[in-house]
Amino acid sequence: DGQLAGQEKLPVKGLLRGLAADGSVLWAVTDSGEILHGNPVSGWSVLDFNAAYAGYYPQITFWAVAVGLGSIMVAGTRPDGTPAAFTSSRGTVWSERSLDYTEAGVTCLFTALPMGLDYDARQDRFYLLGSDGMELALPGCSHCNSLTRYPVGALYARISAGFGTLLLGSDGFRKRVD
């Protein structure tokens, strides 16, 4: 309904689809292509990504957001259903991130519906989780992206902890990855 705790109603058009925290700053994305950041104490900012980048990028329906070490990544789909990801260092200027990866010497494109994002500080990389059990590792070098497939319909969450990583997916899928 466009209202966040402790605030007046914000001019948010879409439904909240993803949420991530970076210290006391919260980041959120909506299915209308909006990126929100702030907190209940200092207030909220709303960027209508689709309006701000009209003519540069197609309209995006956002599904996920993650933050880590001064970087923010958002992921969603274009009107044709293909996935897209964008990064920013402060949330003011956004650049598209390549979702290509190499498999058996062939350049491939991540085609899964984005279901979640995670930042792993131990490995200093983002992970894009998707339908068809796909997990795309996104390190600092975009030419070093790599894909891992899991036997599940969709991956929703990747939780990094001191013991390793826990993947959660559809139909109760759980897998510990070290």
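This report concerns the structure included in the present document.

Rules and cut-offs
- Counting from 1, residues in each chain are numbered in the order their sequence is written.
- Local features in this predicted model are restricted to residues of pLDDT 70 or higher, and side-chain atom pairs are both shown and tallied only at a pLDDT of 80 or more, whereas totals for entire chains, interfaces and linings draw on every residue.
- Note that water and hydrogens are dropped before the side-chain values are worked out from all heavy atoms of the structure.
- By the convention used here, strands pair only if DSSP detects at least 2 bridges between them.
- Helix numbers and strand numbers start at the N terminus; a helix is a DSSP run of H or I with at least 4 residues, a strand a run of E with at least 2.
- Angles run from 0 to 180 degrees between N-to-C directions of axes, and those axes are lines fitted to C-alpha atoms, restricted for helices to the stretch in contact.
- Stacked, tilted and edge-to-face are the three classes applied to pairs of Phe, Tyr and Trp rings, where Trp contributes its six-membered ring and a pair requires centres within 6.5 Å; stacked means planes under 30 degrees apart, edge-to-face means over 60, and tilted covers the rest.
- The cut-offs for exposure are 20% and 50% of the maximum accessible area for each residue type, with area from a 1.4 Å probe on protein chains only; residues under the lower value are buried, those over the upper are exposed, and the others partly exposed.
- For a Lys NZ or an Arg CZ to count as sitting over a ring, it must be within 6 Å of the ring centre and within 35 degrees of the ring normal.
- The set of buried Ala, Val, Leu, Ile, Met, Phe, Trp, Tyr and Cys residues whose side-chain atoms join them within 4.5 Å is what this entry labels a nonpolar core.
- Contacts are residue-level and defined by heavy atoms, with any inter-residue pair within 4.5 Å sufficient.

With respect to the sheet that holds strand β1 (residues 16-22)
Consideration 1: Overall, antiparallel pairing links the 4 strands, which are arranged β1-β2-β3-β4 in an open sheet. Strand pairing shows two members of the sheet lacking a second neighbour, β1 and β4 (43-48), which therefore form its edges. Across the sheet, the axes of successive neighbouring strands diverge by a mean angle of 15 degrees, strand direction being ignored.
Consideration 2: Taken together, the 6 bridges between strand β3 (residues 34-39) and β4 define a ladder with antiparallel strand orientation. Note on β4: the bridge partner recorded for H37 is S45.

Here's the deal with the sheet that holds strand β8 (residues 95-97)
Hydrogen bonding along the main chain pairs the strands of a sheet, whether they run parallel or antiparallel.
Consideration 1: The strand order across the open sheet formed by 4 strands is β5-β6-β7-β8, and the pairing between neighbours is antiparallel. Strands at the two margins of the open sheet, each flanked by one partner only, are β5 (61-68) and β8. The mean inter-strand angle of the sheet, taken between neighbouring strand axes irrespective of direction, is 30 degrees.
Consideration 2: When strand β7 (residues 83-88) meets β8, the two strands line up antiparallel, connected through 3 bridges.

Re the packing of aromatic side chains
Aromatic ring pairs are defined here through the distance separating the ring centres and the angle between the ring planes.
Consideration 1: If you walk through the whole model with that rule in mind, you get 8 aromatic pairs.
Consideration 2: A centroid spacing of 5.3 Å and a plane angle of 75 degrees characterise the contact between F49 and F62, whose relative ring orientation is edge-to-face. Here F49 is found in helix α1 (residues 49-52), whereas its partner F62 is found in strand β5, with 13 residues between them in sequence.
Consideration 3: Using a relative accessible area of 0% as the deciding quantity, one classes F49 as buried.
Consideration 4: Note on F62: relative accessible area 0%, which makes it buried.
Consideration 5: Seen from their ring centres, Y57 and F86 are 4.8 Å apart, and the 65 degrees between their planes marks the pair as edge-to-face. You can see Y57 sitting in the loop between α1 and β5 and its partner F86 sitting in strand β7, a full 29 residues away along the chain. Each member of the pair, Y57 as well as F86, carries the same accessibility label: buried.
Consideration 6: Every member of this aromatic cluster is reached through a ring pair, and the members are F49, Y53, Y57, F62 and F86.
Consideration 7: Positioned above the aromatic ring of Y127, the side-chain terminus of R158 is 3.5 Å from the ring centre.

Considering the nonpolar core
Consideration 1: Among the nonpolar cores identified, the biggest contains 17 residues, and L99, F110, L117, L128, L136 and L138 are the most heavily contacted of them.
Consideration 2: Taken together, the elements giving at least two residues each to this core come down to β5, β6 (71-77), β11 (114-120), β12 (125-130) and β13 (134-139).
Consideration 3: At 3 residues, the largest contribution of residues to this core is made by β13.
Consideration 4: Contacts of F110, omitting those with residues within four sequence positions, involve P83, L99, Y101, L128, G130, M134, L136 and L147.
Consideration 5: Core analysis: the second largest hydrophobic core is formed by 16 residues, A20, F49, F62 and V65 among them.

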